[in-house]
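# Secondary and tertiary structure notes
Chain residues, written in single-letter form:
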Amino acid sequence: TQLLEQSPQFLSIQEGENLTVYCNSSSVFSSLQWYRQEPGEGPVLLVTVVTGGEVKKLKRLTFQFGDARKDSSLHITAAQPGDTGLYLCAGYTGTASKLTFGTGTRLQVTL
Amino acid sequence: DTGVSQNPRHKITKRGQNVTFRCDPISEHNRLYWYRQTLGQGPEFLTYFQNEAQLEKSRLLSDRFSAERPKGSFSTLEIQRTEQGDSAMYLCASSSIPGSRYTFGSGTRLTVV
């Protein structure tokens, strides 16, 4: 059972457009991570957010952790074809040793 | 540091056969995780080792699944009497601190025919 719901499930946009991916849960997480995964490869960590309300920027990517630490968002500005991939959020509760992954958002950026 | 290595990358097996996958984590990482991922979905937790001790197992890990990490280094995941529903990508990850960066391998894609 996935405790982290991501939306949208699939997004197809043109180069230069902006987009936002959402990650929502009813559970509180002590930290939340975002990964990107390309076909045939394992997920690669993009960022970790820890504090409620925290905003982190990674070039054209902006990550925000909700005030209540139950949700997060990823905003991409001026998307490029290289941003294409499966974006995964993953939460860590601290009481369990594992990360719980979201349902995933598949992004396709075309020229 | 060569990252997390998984072998084989691909495995095609007939239903009912046994398969074994191997994961070599980053050498300094004492935590090792196995996940299963079906197409377009997020990875689902299977099991977790701290050193050689298997500390947590998911309900997804039926009696046909067994994992070991005998010397706290590499790990193996065995599936007995494979079923078509076992077809998935099996991912291994390692970390040094709980909740910290996971480093994933490239996965083993299993196809049961």
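Residues numbered from 1 in each chain as written. Chains lettered and ligands numbered in written order. Predicted model: local features only at pLDDT ≥ 70, side-chain atom pairs only at ≥ 80, totals over all residues. Heavy atoms only, no water.

Residue and element names in this part refer to chain A. In terms of nonpolar packing, the biggest core is built from 21 residues, with L19, L32, W34, F63, L74, I76 and L107 touching the most fellow members. Secondary-structure elements contributing two or more residues to this core are β3 (19-24), β4 (31-37), β5 (44-49), β7 (61-65), β8 (71-76), β9 (85-92) and β11 (105-110). Discounting residues that sit within four places of it in the chain, L19 has contacts with L11, I13, L74, H75, I76, A79 and L107. (Core = buried A, V, L, I, M, F, W, Y, C linked by side-chain atoms within 4.5 Å. Buried < 20%, exposed > 50% of the residue type's maximum accessible area, 1.4 Å probe, protein only. Helix = DSSP H or I, 4+ residues; strand = E, 2+ residues; numbered from the N terminus. Contact = heavy atoms within 4.5 Å.)

This part is about the pattern of salt bridges. All names here are of chain B. Scanning the entire structure with this criterion turns up seven salt bridges over all chains. The residue R22 makes a salt bridge to D24 at a minimum N-O spacing of 2.8 Å. Residue class for D24 comes out partly exposed when judged on its relative accessible area of 24%. Look at the salt bridges and you will find they share partners, linking R64, E83 and D86 into a network. (Salt bridge = Lys/Arg side-chain N within 4 Å of Asp/Glu carboxyl O.)

A separate point is the state of the cysteines. Residue and element names in this part refer to chain A. Per the counting criterion, the structure on display carries two disulfides over all chains. Bridging C23 to C89, the disulfide has an S-S length of 2.1 Å. Between C23 and C89 the sulfur-sulfur dihedral comes to about 80 degrees; the bridge is accordingly right-handed. Remark: C89 occurs in strand β9 and C23 occurs in strand β3; sequence separation between them is 66 residues. With relative accessibility at 0%, the residue C89 sits in the buried group. (Disulfide = S-S within 2.5 Å.)

Residues and elements named next belong to chain A. Pairing in this open sheet of five strands is antiparallel, and the strands run β1-β3-β8-β7-β6 from one edge to the other. For this open sheet the edge positions go to β1 (5-7) and β6 (55-58), each flanked by a neighbour on one side alone. Sheet twist, expressed as the average angle between the axes of neighbouring strands with direction ignored, equals 15 degrees. Bridge count for β6 against β7 is four bridges, and the pairing is antiparallel. When the sheet's bridge partners are listed, L58 is paired in β7 with L61. (Pairing = 2+ DSSP bridges. Axes fitted to C-alpha atoms, helices over the stretch in contact; angles between N-to-C directions.)

As for its placement among the helices and strands, Q37 of chain A is situated in strand β4. The buried category is assigned to Q37 of chain A, whose relative accessible area is 6%. Side chain to side chain, Q37 of chain A and Q37 of chain B meet in a polar contact 2.8 Å long. If near-sequence neighbours (up to four positions away) are discounted, Q37 of chain A is found in contact with G42, P43, G85, L86 and L88 of chain A together with Q37 and L91 of chain B. (Polar contact = N/O pair within 3.5 Å; in protein donor to acceptor, adjacent residues only side chain to side chain.)

Here the focus is the sheet that holds strand β1 (residues 5-7) of chain B. In a beta sheet, neighbouring strands pair by backbone hydrogen bonds and run either parallel or antiparallel. All names here are of chain B. Taken together, four strands build an open sheet; the order of strands is β1-β3-β8-β7 and the sheet is antiparallel. Every interior strand has two partners, whereas the edge strands, β1 and β7 (65-68), have only one. Averaged over neighbouring strand pairs, the angle between their axes works out to 15 degrees when direction is ignored. Relative to strand β8 (residues 75-79), strand β3 (residues 19-24) runs antiparallel, the two sharing five bridges.

Mapped onto the secondary structure, G16 of chain B falls in the loop between β2 (10-13) and β3. Between the C-alpha atom of G16 of chain B and that of R81 of chain B, which follows or precedes it by 65 residues, the distance is 4.0 Å.

Right, let's get into the interface of chain A and chain B. With 22 residues of chain A at the interface, the matching set in chain B holds 22 residues. The junction of chain A with chain B conceals about 1,800 Å² of combined surface from both sides, 48% of it contributed by carbon and sulfur atoms. Inspection of the chain A/chain B interface yields two salt bridges. One salt bridge connects E56 of chain B with K98 of chain A, and the closest N-O pair in it is separated by 2.8 Å. Inspection of the chain A/chain B interface yields eight residue pairs in polar contact (both at pLDDT 80 or more). Counting only elements with at least two residues in the side of chain A that touches chain B, the list comes to β4 and β9 of chain A. Examining the composition of the side of chain A that touches chain B, we find that four residues originate from one element, β4 of chain A, more than from any other. Each residue belonging to the side of chain A that touches chain B can be placed in one class, and the counts come to eight nonpolar, 11 polar and three charged. (Buried area = accessible area lost by both parts, 1.4 Å probe. Nonpolar A, V, L, I, M, F, W, Y, C, P; charged D, E, K, R; others polar.)

Note that every value here comes from positions in space, so none of it alone points to a role or purpose.
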